Amino acid sequence: MLVEAGPTRPIRRVVFVAVAPIVEIDLVGPLHVFQAANETSQENGEGPTYDICVVSTEAKGRIHGACGLEIVVGGGHYGSLRASIDTLVIVTGKSVFDFSDPELCEWLNQAARRTRRIASIGLGSFVLAAAGLLDQQKVAAHWTVARQLSERYPAIDVDAERVWAKSGSIYTSAGVTAGIDLAMALVEEDVGSRVALHIARMMVVFLKRPGGQLQFSIALKAQMPSTRSFADLAAWVAENLDKPLSVETLAEQMAMSSRNFSRVFREETGVTPARYVRQARLDAARVMLEQTRRGLEQVASLCGFGSDEVMRRAFVEDLGVSPAQYRATFATGPLEQR
């Protein structure tokens, strides 16, 4: 699985198998993460970290994309692979709903026995499921296809909330930009969080999401309500996080009764007012921890948590890490003092 490059540094062979037609970003996004890891190691005066190869299920190594792109890859057809594989990544597109390829499934089963880890981006989980590699595994899936995956493959534990999931040596992601999150997590496993964070900055990824985080934040869902008045309320909440934001306060802002406001708000956003406010405060706290040097007590106060202990509990419950751990991992520099 590892090819020696010099006396100490191994090169890990990463193979992308494109089951065409593909969603182009599911290939190009994660592919660029591994390439960025190579560029970073070379900038540090080291050899490359990865030997990256892209192969296709189509003849002559061509990959057709859902957006109309046609990609010709140097790796050719997957059946021509002879070298060992460290990390195998499956990408595909919507035609996978009718996927049936016994030859590829057999090849994947054989590859799984000699590969350190296997990953799927987005709809690639349907391919791994067809090969029987996801049975009894925890699998992340895009929320739009989670039910379909679960019904078609009932032996799989499908999670429609995670950005990506790890189950043994199997990694799955929700697809689209979540594929980038998963690729960064794989790189972090191999070379550490400092390199992964550097790549995130280079790719202008605003926030590197942990695997257990919701695929989209509750605040983001509420940024696109069907009425202008609720959009104005979302902006007002963001500007008044340090104030008590009870249902009664929000209802008064909207000139509605508390009961009617709670009902309409949930219809508009899909969450309760209390859950929305909590997520808005978490989002604001995360930005402050990333971009400023404000103390934890000050961040908690400005975001309306009341105390740093209340904020700590919210971070642990929702993100699985404390505010201090979050800042240590994701803080960017130079940081603002204010």
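Residues numbered from 1 in each chain as written. Predicted model: local features only at pLDDT ≥ 70, side-chain atom pairs only at ≥ 80, totals over all residues. Heavy atoms only, no water.

Colleague: Provide a residue-level description of the confidence of the model for the chain, including the pertinent values.
Modeller: Per-residue confidence for the chain averages 85 on the pLDDT scale, and 88% of its residues sit at or above 70. Under a pLDDT of 50 for its full length, residues 218–224 has, in the predicted model, 14 contacts with residues more than four places off or in other chains. Throughout residues 334–338 the model reports pLDDT below 50, and contacts reaching past four residues in sequence, or to other chains, amount to 10 contacts. (pLDDT = per-residue confidence, 0-100. Contact = heavy atoms within 4.5 Å.)

Colleague: Describe the pairing of strand β7 (residues 117–120), and please don't skip the residues or the numbers.
Modeller: Regular strands place side chains that alternate from one sheet face to the opposite one. Here β7 shows a buried face lined by Arg117 and Ala119 and a second buried face lined by Ile118 and Ser120. Note that the unit made of strand β6 (residues 87–91), helix α2 (residues 102–112) and β7 has a crossover that is right-handed. Pairing of β7 with strand β11 (residues 170–173), which is carried by three bridges, proceeds in the parallel orientation. Bridge pairing links Ser120 to Thr172 in β11. (Buried < 20%, exposed > 50% of the residue type's maximum accessible area, 1.4 Å probe, protein only. Helix = DSSP H or I, 4+ residues; strand = E, 2+ residues; numbered from the N terminus. Right-handed = clockwise from strand over helix to strand, strands pointing away. Pairing = 2+ DSSP bridges.)

Colleague: Give a description of the environment of Pro273 that names residues and reports values.
Modeller: Within the secondary structure layout, Pro273 lies in helix α11 (residues 273–291). Exposure remark for Pro273: the relative accessible area of 6% places this residue in the buried category. Between the alpha carbons of Pro273 and Ser262 there is a distance of 6.6 Å; along the sequence they are 11 residues apart. Leave out the neighbours within four places in its chain, and Pro273 touches Val247, Leu250, Phe261, Ser262 and Phe265.

Colleague: Quick rundown of the environment of Ala174? Include the residues and the values.
Modeller: Along the chain, the position of Ala174 falls in the loop between β11 and α5 (178–191). Residue Ala174 is classed as buried on the basis of its relative accessible area of 5%. C-alpha of Ala174 to C-alpha of Leu123: the two residues are 51 residues apart in sequence and 7.8 Å apart in space.

Colleague: With reference to specific residues and values, describe the packing of helix α1 (residues 24–43) against helix α6 (residues 193–202).
Modeller: Here α1 crosses α6 at 110°, and the two axes come no closer than 10 Å. By the criterion of interaxial angle, the relationship of α1 to α6 is roughly perpendicular. The interaxial crossing formed by α1 with α6 has right-handed handedness. Packed against α1, whose contacting residues are Val33, Ala36, Ala37, Thr40 and Glu43, the element α6 presents Val195, His198 and Ile199 at the interface. Taken together, the residues that form the contact of α1 with α6 break down as five nonpolar, two polar and one charged. (Axes fitted to C-alpha atoms, helices over the stretch in contact; angles between N-to-C directions. Parallel < 35°, antiparallel > 145°, perpendicular 65-115°, else oblique. Left-handed = near helix turned anticlockwise from the far one by under 90°. Nonpolar A, V, L, I, M, F, W, Y, C, P; charged D, E, K, R; others polar.)

Colleague: Which residues make up the packing of aromatic side chains, and what values go with them?
Modeller: For the structure on display, the rule yields seven aromatic pairs. A ring pair is formed by Phe261 and Phe265, whose centres lie 5.5 Å apart and whose planes are at 40°; its orientation type is tilted. Residue Phe261 and its partner Phe265 are located together in helix α10 (residues 258–269), separated by four residues, close to a single helical turn. The class for Phe261 is buried, based on a relative accessible area of 0%. Judged by centre distance (5.6 Å) and plane angle (70°), the rings of Phe265 and Tyr276 are edge-to-face. (Phe/Tyr/Trp six-rings, centres within 6.5 Å; stacked < 30°, edge-to-face > 60°.)

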